[in-house]
There are 2 protein chains.
Amino acid sequence: MKSSSYLDALIKKFSKLPGIGTKSASRLAFHILSMPTDEVESLGRAMVDLKKNTFTCTICGGIADSEVCAICHDDARDRSLICVVEDAKDVLTIEGTGEYRGMYHVLAGLISPLDGVGPENLNLRTLAQRCGSGAVREVILALNPSIEGEATSLYLAQLINPFGVTVTRIAHGLPVGADIEFADNATIIKSLEGRVKISR
Amino acid sequence: MKSSSYLDALIKKFSKLPGIGTKSASRLAFHILSMPTDEVESLGRAMVDLKKNTFTCTICGGIADSEVCAICHDDARDRSLICVVEDAKDVLTIEGTGEYRGMYHVLAGLISPLDGVGPENLNLRTLAQRCGSGAVREVILALNPSIEGEATSLYLAQLINPFGVTVTRIAHGLPVGADIEFADNATIIKSLEGRVKISR
């Protein structure tokens, strides 16, 4: 039994969010209760704003405030380099490194025949247009090293090939800080295949 | 760089919540983006509702929809038993077991001289009134086994004593499923002190 129906309702809603269990949901609800009312309102507004005021960027397919996202709008970025990712979340992850200065292209999925997802379901039309514009020098495929990721990479390599644009994919191997002893076989095989010459 | 300022704003707000890091905050924001607009609005409303429409129960000090909370309102519960807890969150935890059928009393803190919290800062006036009403048979102290919890328990035992009400405290000992080998000294000492006779 809950002492308040409002408390009960919010805990139920919070616990439906990903990664939030019942315990975290009640902790969050009690935190909301301890926050100033205007901050709670502002959090609620920020959620509705994100939902109502964002668009899919007509160039890269990422999340945008208007027709074109802030990254595609930025003249300081290298327009000859396109990093292809599975979804808009990956843009955030790569931007988080602060190292990449090129553009992005969000596929909004991966080719997966078992799930009925074919190339026609991905955001590929604009990618072909961008590669055909003559301004692009290299396309980096930053897809997960899964069966679907590999299949999509192969498909993209064939799709982009006619435009005379270099296609690369990010390195798969031992993550930084990992121990060879505890690495899985598939990762060790990938790291051997992708070995890099360091002298002569 | 974020592709959308709305996305950026919501991730920042989410990451201020307890137990939510930057990664979880972006995951939540992208989940919000994938939810139907009416569900997002309803989540926002539930947060503001909790903040605006709840009261402190005038009887137990818990979270209530009106002057008196649903638990204090429920005639099916045992009014002769009061479980004293530190905060309203603990009511939820104990109710979660589904075993306790008595009433509650929320102190909204623990006596802690170092933090400048004395008995006068706790919700004690109504507890004395409730104990003095003649309807209460037993008060169970369910406070954390910390220095503040012990000090508060001692103070409450003295406060309630004149009313001729039995005061008990929850058992402190080895948690269910734990291994004696890995238990800390304080827990083992508590479990020896609180030993229970099982035959003769």
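Every chain begins its residue count from 1, and numbering advances along the sequence as written. Ligands are numbered from 1 and chains lettered from A, in the order in which they are written. At least 70 in pLDDT is required for a residue's local features to be given in this predicted model, at least 80 for side-chain atom pairs to be given and counted, and no such filter applies to totals for whole chains, interfaces and linings, which use all residues. The basis for every side-chain value is the complete set of heavy atoms in the structure, and neither hydrogens nor water enter the calculation.

1. Examining the interface of chain B and chain A
Across the contact, 56 residues belong to chain B and 56 residues belong to chain A. Of the roughly 5300 Å² buried at the junction of chain B and chain A (both faces included), carbon and sulfur atoms supply 74%. Where helices and strands are cited, they refer to DSSP runs of H or I of at least four residues and of E of at least two residues respectively, numbered from the N terminus. Secondary structure elements with two or more residues in the side of chain B that touches chain A: α1 (5-14), α2 (22-34), α3 (37-53), β2 (63-64), α4 (70-73) and α5 (88-97) of chain B. Three categories are distinguished: nonpolar for Ala, Val, Leu, Ile, Met, Phe, Trp, Tyr, Cys and Pro, charged for Asp, Glu, Lys and Arg, and polar for the others, with Gly belonging to the last. Split by residue class, the side of chain B that touches chain A holds 29 nonpolar, 13 polar and 14 charged. Contact between two residues is taken to exist if any of their heavy atoms lie within 4.5 Å; hydrogens are not considered. In this description, buried area is defined as the sum, over both parts, of the accessible area (probe of 1.4 Å) that is lost when the two are combined.

2. Points about the packing of helix α3 (residues 37-53) of chain A against α1 of chain B
Here an axis means a line fitted to C-alpha atoms, over the contact stretch when the element is a helix, while the angle between two N-to-C directions is reported on a 0 to 180 degree scale. Taken N-terminus to C-terminus, the directions of α3 of chain A and α1 of chain B make an angle of 150 degrees; their axes are 9 Å apart at the nearest point. Taken together, the axis directions place α3 of chain A and α1 of chain B in an arrangement best described as roughly antiparallel. Crossing of α3 of chain A over α1 of chain B shows left-handed handedness. Residues Ser-42, Leu-43, Ala-46, Met-47, Asp-49, Leu-50 and Asn-53 of chain A of α3 of chain A lie in contact with α1 of chain B, whose contacting residues are Tyr-6, Leu-7, Leu-10, Lys-13 and Phe-14 of chain B. Residue composition of the contact of α3 of chain A with α1 of chain B, grouped by class: eight nonpolar, two polar and two charged. Under this scheme an angle from 65 to 115 degrees is roughly perpendicular, one under 35 degrees roughly parallel, and one over 145 degrees roughly antiparallel; angles in between are oblique. What makes a crossing left-handed is the near helix being turned counterclockwise from the far one by less than a right angle; a clockwise turn instead makes it right-handed.

3. Details of the relation of the copies chain B and chain A
Each copy superposes on the other: chain B lies on chain A with an RMSD of 0.1 Å after a rotation of 179 degrees and an axial shift of 0.0 Å. When the rotation and shift are considered jointly, the pair of chain copies conforms to a two-fold rotation axis. Rotation axis and chain B: the residue whose C-alpha lies nearest the axis is Gly-44 of chain B, separated from it by 2.1 Å. Residues below a pLDDT of 70 in either copy are left out; the C-alpha atoms of the rest, at least 70 in both, set the least-squares superposition of the copies.

4. A short note on the environment of Ala-25 of chain A
All names here are of chain A. Tracing the backbone shows Ala-25 in helix α2 (residues 22-34). A relative accessible area of 0% places Ala-25 in the buried class. Taking the C-alpha atoms as reference, Ala-25 lies 8.1 Å from Leu-10; in sequence the two are 15 residues apart. When accessible area is computed with a 1.4 Å probe and restricted to protein chains, residues below 20% of their type maximum are described as buried, those above 50% as exposed, and intermediate ones as partly exposed.

5. Re the pattern of salt bridges
Opposite charge on two side chains lets them pair, provided their charged atoms get close. Residues and elements named next belong to chain B. Whenever a carboxyl oxygen of Asp or Glu lies within 4 Å of a side-chain nitrogen of Lys or Arg, that contact is scored as a salt bridge. Throughout the structure, instances matching the rule amount to 13 salt bridges over all chains. We note a salt bridge from Arg-79 to Asp-75, for which the minimum N-O separation is 3.5 Å. Note on Asp-75: relative accessible area 70%, which makes it exposed. For Glu-150, the salt bridge goes to Lys-190, with nearest N and O atoms at 3.6 Å. Here Lys-190 lies in helix α8 (residues 185-193) and Glu-150 lies in helix α7 (residues 147-160), a separation of 40 residues in the sequence.

6. A look at the pairing of strand β3 (residues 78-85) of chain B
Residues and elements named next belong to chain B. Judged by how many residues are buried, β3 sits mostly within the fold: six of eight residues are covered. Where β3 meets strand β4 (residues 102-106), five bridges bridge the pair, whose relative direction is parallel. When the sheet's bridge partners are listed, Asp-78 is paired in β4 with Gly-102. Every crossover in which the path from the first strand over the helix to the second runs clockwise, viewed with the strands pointing away from the viewer, is termed right-handed. Traced from β3 through α5 to β4, the parallel crossover comes out right-handed. Pairing between strands requires that DSSP locate at least two bridges from one strand to the other.

7. Regarding the state of the cysteines
By definition, a disulfide links the sulfur atoms of two cysteines through a covalent bond. Disulfides are defined as pairs of cysteine sulfur atoms found within 2.5 Å of each other. Across all of its chains, the model carries zero disulfides over all chains by this definition. Take Cys-57 of chain A: it sits in no disulfide, and the sulfur closest to it among the cysteines is that of Cys-60 of chain A, at 3.7 Å.

8. Comments concerning the sheet that holds strand β5 (residues 138-141) of chain B
All names here are of chain B. Read from one edge of the open sheet, four strands run β4-β3-β5-β6, paired in parallel fashion. With one partner strand each, in any of the chains shown, β4 and β6 (166-169) form the two edges of the open sheet. Pairwise comparison of adjacent strand axes, ignoring direction, gives a mean angle of 25 degrees for this sheet. Across four bridges, β5 lies against β6 in parallel orientation. Counterpart to Glu-138 in the pairing with β6 is Thr-166.

9. Digging into the nonpolar core
By nonpolar core is meant a set of buried Ala, Val, Leu, Ile, Met, Phe, Trp, Tyr and Cys residues that side-chain atoms within 4.5 Å join together. Ranked by size, the top nonpolar core spans 44 residues in total, and within it Leu-10, Phe-14 and Ile-32 of chain A together with Leu-10, Phe-14 and Ile-32 of chain B carry the most contacts. Residues within four places of Leu-10 of chain A in sequence aside, it is in contact with Ala-29 and Ile-32 of chain A together with Leu-43, Ala-46, Met-47 and Leu-50 of chain B.

10. With respect to the domain arrangement of chain A
Interface size is often expressed as the accessible area that is lost when the parts come together. Each domain's limits were defined by an automated method or a database of domain assignments. Domain assignment breaks chain A into domain 1 (5-53), domain 2 (76-169) and domain 3 (173-200). Between the C-alpha centres of domain 1 of chain A and domain 2 of chain A there is a distance of 35 Å.

11. As for the sheet that holds strand β4 (residues 102-106) of chain A
Residues and elements named next belong to chain A. A sheet is described by the order of its strands in space; here four strands give the open sequence β4-β3-β5-β6, paired in parallel fashion. What marks the edges here is a single partner per strand, and that holds for β4 and β6 (166-169). For this sheet, the mean angle separating the axes of adjacent strands, direction not counted, is 25 degrees. Along the sheet face, helix α5 (residues 88-97) touches β3 (78-85) and β4 and points at about 155 degrees away from the line of β4. Across the sheet, helix α6 (residues 125-132) lies against β3, β4 and β5 (138-141), angled at about 150 degrees from β4, the strand it touches most.

12. Things to note about the packing of α1 of chain B against α2 of chain B
All names here are of chain B. For the pair α1 and α2, the least separation of the axes is 8 Å and the interaxial angle reads 130 degrees. On the basis of the axis angle, α1 is oblique to α2. Handedness of the crossing formed by α1 with α2: right-handed. Contacts between α1 and α2 pair Leu-7, Leu-10, Ile-11 and Phe-14 from the former with Thr-22, Ala-25, Ser-26, Leu-28, Ala-29, Phe-30 and Ile-32 from the latter. Classifying every residue of the contact of α1 with α2 gives nine nonpolar, two polar and no charged.

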